[in-house]
Structures are given as structure tokens and as C-alpha cells.
Amino acid sequence: MKQITIAIDGPASSGKSTVAKIVADKLGYTYLDTGAMYRSVTYLALQHALPEEDIEELVKLIDQYPISFSLAEDGSQLVFLGEQNVTDAIRQNDVTANVSWVAALPQVREKLVKEQQRIAKTGAIIMDGRDIGTVVLPNAELKIFLNASVEERAERRYKENQAKGIEADLERLKQAIADRDYKDSHRKVSPLKAADDAITFDTTGVSIDGVVAFILEKATEIIDKQ
Ligand code: DC
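Note that this is a predicted model, so its numbers are computed, not measured.

Comments concerning the site of the ligand
Step number 1: As a structural note, the neighbourhood of the ligand is formed by 15 residues, with Arg39, Arg109, Asp131, Arg180 and Arg187 the closest of them.
Step number 2: Protein burial of the ligand: of its 440 Å² of free accessible surface, 97% is covered by the chains.
Step number 3: If you list the elements that add at least two residues to the shell around the ligand, you get helix 2 (34-47), helix 4 (93-103) and helix 8 (170-186).
Step number 4: For the shell around the ligand, the element with the most residues is helix 2, which contributes four residues.
Step number 5: Tallied by class, the residues present in the shell around the ligand amount to four nonpolar, three polar and eight charged.

Printed below as a string of C-alpha cells:
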């Protein structure tokens, strides 16, 4: 069976990673969470108390502490920075609050995009992020842009945070999501936007199963045609 590459983009908490993981599982594809990579670099910057101007040092640290992924016993994905398991640390509020400035650094993006493209070379991959359809995998056979209202995304993040024991306040989450949308969409390098050939899907009020079924249907159509 022909293997394709699938790009899923969209703003914070639009459900990208949840559905991408399920679709990857159903198709037997690799799933790559590129947001986790930007979060890991942010964690590095915070750990080393690096200011925005010290890009050179940050780029050196990325080489020193390579980002890698592995599977936990329960099938969930673990993220490592060098030898350190940072799966939970990169979801904490301090990382979330700082990730936009780190993700706006062109030198950081250049390094991470190269690594993402290297990982995608094998095909049979589903990758989620902000610039996958536009920059990382411009030739992906299927590009999906997921969106949802700020209210719904804040509620989803609120529930996720509560389940993970991360402190959460719904109004503040709404504000933080709106801020991050603005910063991600207005940065100079690779801003968040749908590729011209992406299918945009508004997931407000749509169940996870509904979104998964939609993407699987589109993927199957393309795979069958090859
Ligand atoms: O998907 P996420 O919320 O975990 O992503 C964290 C941040 O990383 C997000 O605010 C923007 C940035 N990001 C990016 O700039 N490009 C990507 N391909 C993925 C994430």
C-alpha cells in the first residue's frame, strides 16, 4: 500500500495532537509532535536562564542536548532532551508562556525544521504543528488545517491541565490561547497559516472521533488513488 505524508496544522489546542496520534495509530504511521520540539528548546532556554539575545548559546545547547522520542509502556509518547525525560516538564505553564518567543527565532526554526524533514524522509508519517503544510512538508499528500473557537480550545486545555495536575484558570487560559494565536500568526518567520492546498476543518462542537474519521477518509481516498 502506498504510504503518504500527512501535515496537520492549526492553533493551540485545536485538537491536532490528539487526532494525529489516533490517525497515526490506525494507519500504522509515525507521529511527530513538532510543538514538543519547540517546547523542549524553550525548556533548555529557561533551564539555562538564556535571554532572547543569546541565540548563539541556545543553538549550541540544541546540539548538545538532542531531542528524541520514545514510547512509554502505556503507548504514550515520551520526549527526551539528551538523557533527560522532559515529557511533563515541557507542558508546564512556564514553558507554555515562553514558547512563542523561542519559536520565533529563525535559527531555532532552521535547526528544528531540518530535523523534522530528516525524520519525514522515511514517509508514512503524520506531523503536527504550525508550519508543516507551508514549510516543513510542502509536498505532503494530505494537508489539514484544524481550527476551533478560542472558548472551546480553552475549555479543552483546561480539562487536559486538570487531568495532568497542572494549575489552570479558564479565563486566563482563554487569554493565553488568544495571545499565543496572535504571536504564532504574526511572527516574521513561518507564521501559523493554512497552506493554499490545505483542507480547513473547524472542530468546534465536533467529537475527536468525528475529526479522526474525516482525516482517515481523506487519507484513504489519496492512498487508494496512488
Ligand atoms: O502545539 P503546541 O501548543 O505544543 O506548540 C507549542 C508552540 O510551539 C506554539 O505556540 C508554536 C510553536 N510551534 C511552532 O512555531 N511551529 C511548529 N511546527 C510547532 C509548534
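Following the structure, the description resumes.
Topic: helix 4
Step number 1: Looking at helix 4, one finds that the buried residues are Val95, Thr96, Val99, Ser100, Val102 and Ala103. Each buried residue of helix 4 sits inside an arc of 165° when the element is viewed along its axis, so together they form one side.
Step number 2: Where helix 4 is buried, its residues meet helix 2, helix 3 (55-64), helix 5 (106-120) and helix 8.

Considerations on the confidence of the model for the protein chain
Should the pLDDT be low somewhere, the predicted coordinates at that spot are not to be read in detail.
Step number 1: Summary statistics for the protein chain give a mean pLDDT of 94 and a share of 100% for residues scoring 70 or more.
Step number 2: At the low end of the mean pLDDT range in the protein chain sits helix 7 (residues 150-164), at 92; at the high end sits strand 1 (residues 5-9), at 98.

With respect to the pattern of salt bridges
Step number 1: Using the criterion set out here, one finds 14 salt bridges in the structure.
Step number 2: When the shortest N-O distance is used, the salt bridge between aspartate 181 and arginine 153 registers 2.6 Å. A residue pair is termed long-range when its members are at least 10 positions apart, and aspartate 181 in helix 8 and arginine 153 in helix 7 qualify at 28 residues. Of the two residues, aspartate 181 and arginine 153, both sit in the buried class.
Step number 3: If you follow the salt bridges from partner to partner, you end up with Arg130, Asp184 and Arg187 in one network.

Rules of the game
In this convention, every chain numbers its residues from 1, walking through the sequence in written order. The predicted nature of this model means local features are confined to residues of pLDDT at least 70 and side-chain atom pairs, given and counted, to a pLDDT of 80 or more, with totals for whole chains, interfaces and linings taken over all residues. Note: side-chain values were computed over all heavy atoms of the structure, leaving out hydrogens and water. Proximity is defined per residue: if any heavy atom of the residue lies within 4 Å of a molecule or strand, that residue is considered near it. Note on areas: these come from Shrake-Rupley sampling with a 1.4 Å probe, and a residue is covered only by the protein chains present in the view. Strands are runs of DSSP state E lasting at least 2 residues, helices are runs of H or I lasting at least 4, and numbering of each runs from the N terminus. In this classification, Asp, Glu, Lys and Arg are treated as charged, Ala, Val, Leu, Ile, Met, Phe, Trp, Tyr, Cys and Pro as nonpolar, and every other residue, Gly included, as polar. Throughout, exposure labels follow a simple rule: accessible area from a 1.4 Å probe, protein chains only, divided by the maximum for the residue type, with under 20% read as buried, over 50% as exposed, and the rest as partly exposed. Starting at the helix axis, one direction is taken to each C-beta atom, and the arc is that of these directions. Here a residue-residue contact requires only that any non-hydrogen atoms of the pair lie within 4.5 Å. pLDDT runs from 0 to 100 and stands for how confident the predictor is about each residue. For this document, the term salt bridge refers to a Lys or Arg side-chain nitrogen within 4 Å of an Asp or Glu carboxyl oxygen.

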